[in-house]
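# Descriptive analysis of the structure
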Amino acid sequence: MRINFPIAHLFVRMFGRLAFSVAAHLKPEILLIDEALSAGDAAFKLKCMEKISDLIRRDCTVLIVSHGLEVVRLLASGCLWIDRGVVKMEGAAQDVIAATLDDEHIADDNATALEDV
């Protein structure tokens, strides 16, 4: 498929979607995702999650930088919590998420309060 459209004319969110789509389909050994899943509607996010899961199953290292704890909960096995440039915790994703929620005084059933908008 060829895209014949000036990149400068894309909205920021469309550029993010395009960048993720291209990067994810290059069969990378390592894929760094920085809040990319916040750049789309529910259908796009679901496709991204499925693609990331597929990459992980094929031994691609995926590093997700996100405030979206539900995304981290669903996709990550390990997690590093950095707060204002300081590593607060490293470990299993479930444990780090629980500590993050506890630190923010947020009940686990209200974790969506920290999701990307």
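For the structure itself, consult the block above.
So, a few notes on the structure that sits alongside this text.

Calculation rules
- Position labels on residues start from 1 in each chain and follow its written sequence.
- The predicted origin of the model limits local features to residues at a pLDDT of at least 70 and limits the giving and counting of side-chain atom pairs to 80 or more, whereas totals for whole chains, interfaces and linings rest on all residues.
- In computing side-chain values, all of the structure's heavy atoms are included and hydrogens and water are not.
- Numbered from the N terminus, helices here are DSSP runs of H or I no shorter than four residues, and strands are runs of E no shorter than two.
- The classification of residues rests on relative accessible area computed with a 1.4 Å probe and restricted to protein chains. Under 20% of the type maximum is buried, over 50% is exposed, and intermediate values are partly exposed.
- Using a 1.4 Å probe, accessible areas were evaluated by the Shrake-Rupley method; residue-level cover was limited to the displayed protein chains.
- Given a helix with a known number of residues, its expected span is that number minus one, times 1.5 Å.
- The arc in question is formed by the directions pointing from the helix axis toward the C-beta atoms.
- As used in this record, nonpolar core signifies buried Ala, Val, Leu, Ile, Met, Phe, Trp, Tyr and Cys residues forming a set joined through side-chain atoms within 4.5 Å.
- Take a side-chain nitrogen of Lys or Arg and a carboxyl oxygen of Asp or Glu: if they are within 4 Å of each other, that pair is a salt bridge.
- Note on contacts: a residue pair is in contact if any heavy atoms of the two residues lie within 4.5 Å.

Another point: the overall build of the protein chain. Looking only at helices and strands, the protein chain features 4 helices and 4 strands. Each helix and strand of the protein chain, ordered N terminal to C terminal, gives the series α-β-α-β-α-β-β-α. Buried positions account for 28% of the 117 residues belonging to the protein chain. About 8,300 Å² of surface is accessible on the protein chain, with carbon and sulfur atoms providing 58% of the total.

All right, on to helix α2 (residues 42-57) then. Relative to the 22 Å expected for 16 residues at 1.5 Å per residue, α2 spans 23 Å between its end C-alpha atoms, a close match to the ideal helical length. Among all positions in α2, only F44, C48, M49, K51, I52 and L55 are buried. The buried residues of α2 all sit within an arc of 165° when viewed along its axis, so they share a single face. Opposite its buried face, α2 presents the exposed residues A42, L46, K47 and R57, each directed more than 90 degrees away. Once α2 ends, the next one or two residues include D59, with phi positive near 65°.

The next point concerns the nonpolar core. Counting residues in each nonpolar core, the largest one holds 12 residues, listed as F20, A24, L31, I33, F44, C48, M49, I52, L55, C60, V71 and L75. When residues of this core are assigned to their parent elements, the largest contribution, 5 residues, is made by α2. Residues V72, C79, W81 and V96 belong to the second largest nonpolar core, which totals 9 residues.

Applying the stated criterion across every chain yields a total of 7 salt bridges. One salt bridge in this structure joins R58 and D54, with 3.2 Å as the shortest N-O distance. By relative accessible area, R58 is classed as partly exposed at 42%. In this structure, the salt-bridge partner of R73 is E70, at a minimum N-O distance of 3.1 Å. Taken together, the positions of R73 and E70, both in helix α3 (residues 69-75) and 3 residues apart, correspond to about one turn of that helix. The partly exposed category is assigned to E70, whose relative accessible area is 29%. Here the residues in one salt-bridge network are K51, D54, R57 and R58, joined through shared partners.

Before going further, it helps to examine the environment of E90. Checked against the element boundaries, E90 lands in strand β4 (residues 86-92). By relative accessible area, E90 is classed as exposed at 66%. Distance from E90 to L80, taken between C-alpha atoms, is 4.5 Å for residues 10 residues apart in sequence. In contact with E90, other than residues within four places in its own chain, are C79, L80 and V96.

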